[in-house]
Amino acid sequence: MHYWVRASSSDFGGTVPQSRSGHSAVNIGKSKVVVFGGLVDKRFLSDVVVFDIDNKLWFQPECTGNGSNGQVGPGPRAFHIAVAIDCHMFIFGGRFGSRRLGDFWVLDTDIWQWSELTSFGDLPSPRDFAAASAIGNRKIVMYGGWDGKKWLSDVYVLDTISLEWMQLPVTGSVPPPRCGHTATMVEKRLLIYGGRGGGGPIMGDLWALKGLIEEENETPGWTQLKLPGQAPSSRCGHTITSGGHYLLLFGGHGTGGWLSRYDIYYNDTIILDRLSAQWKRLPIGNEPPPARAYHSMTCLGSLYLLFGGFDGKSTFGDIWWLVPEEDPIAKRYTESPPKVLPENKDVGMENYNSQFAVKESQRESSAIVELQKKLDISVSLSRPGLQIMDELEDEEFLELASRLMGAGVFSNGQVSRIQATQVLRDHWKKSTPRSIPIKELGPLLRDYQRLIARHLANLQSTELGLPGKEAYTFYHLKNSSQV
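Here the structure is a predicted model, which means the values were calculated and not measured.

Procedures and definitions
Here the residue index of a chain counts from 1 through its sequence in written order. Totals for whole chains, interfaces and linings use all residues, but because this is a predicted model, local features are given only for residues with pLDDT of at least 70 and pairs of side-chain atoms are given and counted only at 80 or more. In computing side-chain values, all of the structure's heavy atoms are included and hydrogens and water are not. Here a strand is any run of E in DSSP of at least two residues, a helix any run of H or I of at least four, and the numbering for each starts at the N terminus. Three exposure classes are used, based on accessible area relative to the maximum for each residue type with a 1.4 Å probe and protein chains only: buried under 20%, partly exposed in between, and exposed over 50%. Note on contacts: a residue pair qualifies if any of its non-hydrogen atoms lie within 4.5 Å across the two residues. Residue exposure ignores everything except the shown protein chains as possible cover, and the areas themselves are Shrake-Rupley values with a 1.4 Å probe. A pair of strands is labelled paired if DSSP reports no fewer than 2 bridges between them. Here the axes come from fitting lines to C-alpha atoms, over the contacting stretch only for helices, and the angles between their N-to-C directions go from 0 to 180 degrees. Working definition of a nonpolar core: buried Ala, Val, Leu, Ile, Met, Phe, Trp, Tyr and Cys residues. They are joined through side-chain atoms within 4.5 Å. For patch detection, residues must exceed 30% relative accessible area and be free of salt bridges, and they are connected within 9 Å for like charges or within 5 Å for nonpolar side chains (Val, Leu, Ile, Met, Phe, Trp, Tyr). Here, a salt bridge means any side-chain nitrogen of Lys or Arg that lies within 4 Å of a carboxyl oxygen of Asp or Glu. For this analysis, a ring pair means two rings from Phe, Tyr or Trp (six-membered ring only for Trp) whose centres lie within 6.5 Å, classed as stacked if their planes differ by under 30 degrees, edge-to-face if by over 60, and tilted for the remaining angles. Either the NZ atom of lysine or the CZ atom of arginine qualifies as a charge over a ring when it sits within 6 Å of the ring centre and within 35 degrees of the ring normal. Side-chain atoms alone can form a polar contact between residues adjacent in sequence; in general such a contact is a pair of N or O atoms within 3.5 Å, and within protein one must be able to donate a hydrogen while the other accepts it. Confidence of the predictor at the level of single residues is given by pLDDT, which spans 0 to 100. A pair of sulfur atoms, both from cysteines and within 2.5 Å, is called a disulfide here.

Undergrad: For the overall build of the protein, give the residues involved together with the corresponding values.
TA: Helices and strands together make up the secondary structure of the protein, namely six helices and 32 strands. By residue count, 52% of the 483 residues in the protein fall in the buried class. Contacts in the protein between residues far apart in sequence, at least 24 positions, make up 57% of those at least 6 positions apart. A total of about 23,200 Å² of accessible surface is found on the protein, and carbon and sulfur atoms cover 52% of it.

Structure below.
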């Protein structure tokens, strides 16, 4: 069991970073986490903020350096890549305003000195929303991104000693071009997950790239992995953080099926177990942080540190711990509520808790309205003529039931359809609200109407002069929140 615990004022010294999203946060050994750049209120950042792990202290180092235009360090940006090799943090690309960047920098965190690097070879085009990972302690691999005109599916490898870029020649099938994905080296393979692809669809596929280790002498090639377990929904802007024998996925955003005009932001925590090669839901003992994307998540031993992000309306500056139940921070949560760190005032979130509650209430209300429109349902008796569809005529309902029982389930006619219907209802009874995919809400609510109508069919409405099935369709709903 793990717990999410919002950071308290006793957890840190110094000044915490201001709110931001689209920033980077990398571990430098086991001693510090370096946060760079990001975006808040349409303002791009270029600051460096460091968390000293041993001393539990946030600080801003006074960096020196000299770029090609005389600047000390890289200009403001967000959605760049940042990779740590030993004590160095390498930065490439990103976005400033509407312009994609292609400059290349390194920060020596021993002396806090920036250097703009002149590389050669197969130089990658300027881009943002790419993803990259370290190969051992010398090379960096980068995949995909968006160059302002098209989504990319290219692979580049950088030698950080010679500063030579090489575009990796890959044979066979390749992943669809994408941006906003993650890229994580796991032993000899690069794993990419999710992202937004050409034409805008959100992806939920997992691919592995071989041929990155010279000593293995493998021909570079992609393989799509379809792993068992509780796979995450399609998303982009999420994080995947390596910790022990599993990879931990948190957050991101996607689209909600028939609510496709709206982005849905996630706050679920899913692990990819490397030993069993399957997806699992991480058991969480309390409510997670507010949903978000384009945040950062770093691993500090057995703890994870979540910072920042964006939920479509607000930029976050909150800091959260994800800790195992035996950790003292988890015990602090169960014993007494923590004193919360104040939010950065740039985004007007001083009264975070109350504002968040109001925002969630408003979001729930608007979502219910959209739900009613899409499903053509009402929560009052003002529409007595609403028709109840029989389950044997509800094609979407039957398709879900068939998928649950397996192909060919309806070969024996109506009896099998009724059996499949009961299997689907039993499945929903055993499911928790959070585990039911949003695409199943339509069939589920229609079935709920059916069952209520039948249960009350013998209660004819003499006062309203309506058939019981119509009069009592929504008699049990007092307000929209009950949907």
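Undergrad: Kindly report on the environment of Glu395, identifying the contributing residues and their values.
TA: The residue Glu395 is located in helix H3 (residues 395-405) in this model. For Glu395, a relative accessible area of 66% gives the class exposed.

Undergrad: Could you give me a rundown of the sheet that holds strand E31 (residues 303-307), with the residues and numbers involved?
TA: Strand order in the open sheet formed by four strands is E1-E32-E31-E30, with antiparallel pairing between adjacent strands. Either end of the sheet is taken by a strand with one partner, and the two such strands are strand E1 (2-6) and strand E30 (296-300). Strand-to-strand twist across the sheet, computed as the mean angle between neighbouring axes with direction ignored, equals 20°. Inspection of the sheet shows E31 paired to strand E32 (residues 319-324) by four bridges, in the antiparallel sense. Residue pairing for E32: Phe307 is matched across the bridge by Ile319.

Undergrad: Account for the pairing of strand E17 (residues 151-159), with residues named and values stated.
TA: Of all nine residues that make up E17, seven are buried, and the element is covered over most of its length. Of the strand pairs in this sheet, strand E16 (residues 139-146) and E17 are connected by seven bridges, and their pairing is antiparallel. Within E17, the position partnered with Met142 by the bridge is Tyr156. The pairing of E17 with strand E18 (residues 164-167) spans four bridges and is classified as antiparallel. Bridge pairing in E18 places Tyr156 opposite Gln167. Taking the residues between adjacent antiparallel strands as the criterion, E17 and E18 are bridged by four residues, where Leu163 takes a positive phi near 60°.

Undergrad: Can you tell me about unusual backbone geometry, naming the residues and giving the values?
TA: Look at Asp41: it is not a glycine, yet its phi comes out positive at around 50°. With respect to the element layout, Asp41 can be found in the loop between strand E4 (32-40) and strand E5 (43-52). Despite not being glycine, Lys42 shows a phi value in the positive range, around 65°. Within the fold, Lys42 resides in the loop between E4 and E5.

Undergrad: Account for the sheet that holds strand E3 (residues 24-28), naming residues and giving values.
TA: Strand order in the open sheet made by the five strands is E2-E6-E5-E4-E3, with mixed pairing throughout. Two strands bound the open sheet, and with one partner strand each, they are strand E2 (13-14) and E3. In this structure, E2 lies alongside strand E6 (residues 57-59), joined through two bridges in parallel fashion. Along E6, the bridge assignment pairs Gly13 with Leu57.

Undergrad: Explain the nonpolar core residue by residue, including any values.
TA: If you look at the biggest cluster of nonpolar residues, it comprises 20 residues, and the most contacted ones within it are Phe12, Phe51, Trp58, Leu305, Trp321 and Val323. Elements with a contribution of two residues or more to this core: E1, E4, E5, E31, E32 and helix H1 (328-335). If sequence neighbours within four positions are ignored, Trp58 has contacts with Phe12, Gly13, Gly14, Thr15, Val16, Pro17, Val35, Val49, Val50, Phe51, Leu305 and Ile319.

Undergrad: Can you explain a nonpolar patch on the surface? Please cite residues and give values.
TA: A cluster of nonpolar side chains, namely Leu404, Met405 and Val423, defines an oily patch on the protein surface of about 220 Å² accessible area. With respect to the element layout, Val423 can be found in helix H4 (residues 414-430).

Undergrad: Can you explain the packing of aromatic side chains? Please cite residues and give values.
TA: The relation between two aromatic rings is expressed through the spacing of the ring centres and the mutual angle of the planes. One pass over the full model with this rule turns up 20 aromatic pairs. Centre to centre, the rings of Trp105 and Trp114 are 6.2 Å apart; their planes meet at 90°, and the pair counts as edge-to-face. For Trp114, a relative accessible area of 4% corresponds to the buried category. Its end group placed over the ring of Tyr266, Arg235 keeps NZ or CZ at 4.2 Å from the ring centre. Between the NZ or CZ atom of Arg450 and the centre of the ring of Phe397, over which it lies, the distance is 4.8 Å.

Undergrad: Tell me about the pattern of salt bridges, and please be specific about residues and values.
TA: When the charged atoms of two side chains with opposite charge come close together, those side chains can pair. Going through the model one piece at a time under the given rule, you end up with 21 salt bridges. Between Glu396 and Arg446 there is a salt bridge; the shortest N-O distance is 3.1 Å. Of the two residues, Glu396 sits in helix H3 while Arg446 sits in helix H5 (residues 441-455), which places them 50 residues apart along the sequence. Connected through shared salt-bridge partners, Asp394, Glu396, Arg425, Arg446, Asp447 and Arg450 make up one network.

Undergrad: Describe the environment of Trp321, with residues and values.
TA: Relative to the assigned elements, Trp321 resides in strand E32. Note: C-alpha distance between Trp321 and Thr298 (23 residues apart in sequence) is 10.0 Å. For Trp321, the side chain forms a polar contact with the side chain of Asp11, separated by 2.9 Å.

Undergrad: Go over the pairing of E18, please, and point to the residues and values.
TA: Across two bridges, strand E14 (residues 120-121) lies against E18 in parallel orientation. When the bridges of E18 are listed, Phe120 appears paired with Glu164.

Undergrad: Give a detailed account of the confidence of the model for the protein, specifying residues and quantitative values.
TA: Looking at the protein as a whole, its pLDDT mean stands at 83, while 79% of the residues score no less than 70. When the criterion is pLDDT under 50, residues 407-412 qualifies, and its contacts beyond four places in sequence or with other chains add up to nine contacts. Within the model, pLDDT remains below 50 along residues 477-483, and this stretch shows twelve contacts once partners closer than five positions in the same chain are excluded.

Undergrad: Break down the state of the cysteines for me, citing the residues and quoting the values.
TA: What the rule picks out here adds up to zero disulfides. Not engaged in a disulfide, the cysteine Cys179 finds its nearest cysteine sulfur in Cys236; these two sulfurs lie 6.8 Å apart. The exposure class assigned to Cys179 is buried, which follows from its relative accessible area of 8%.

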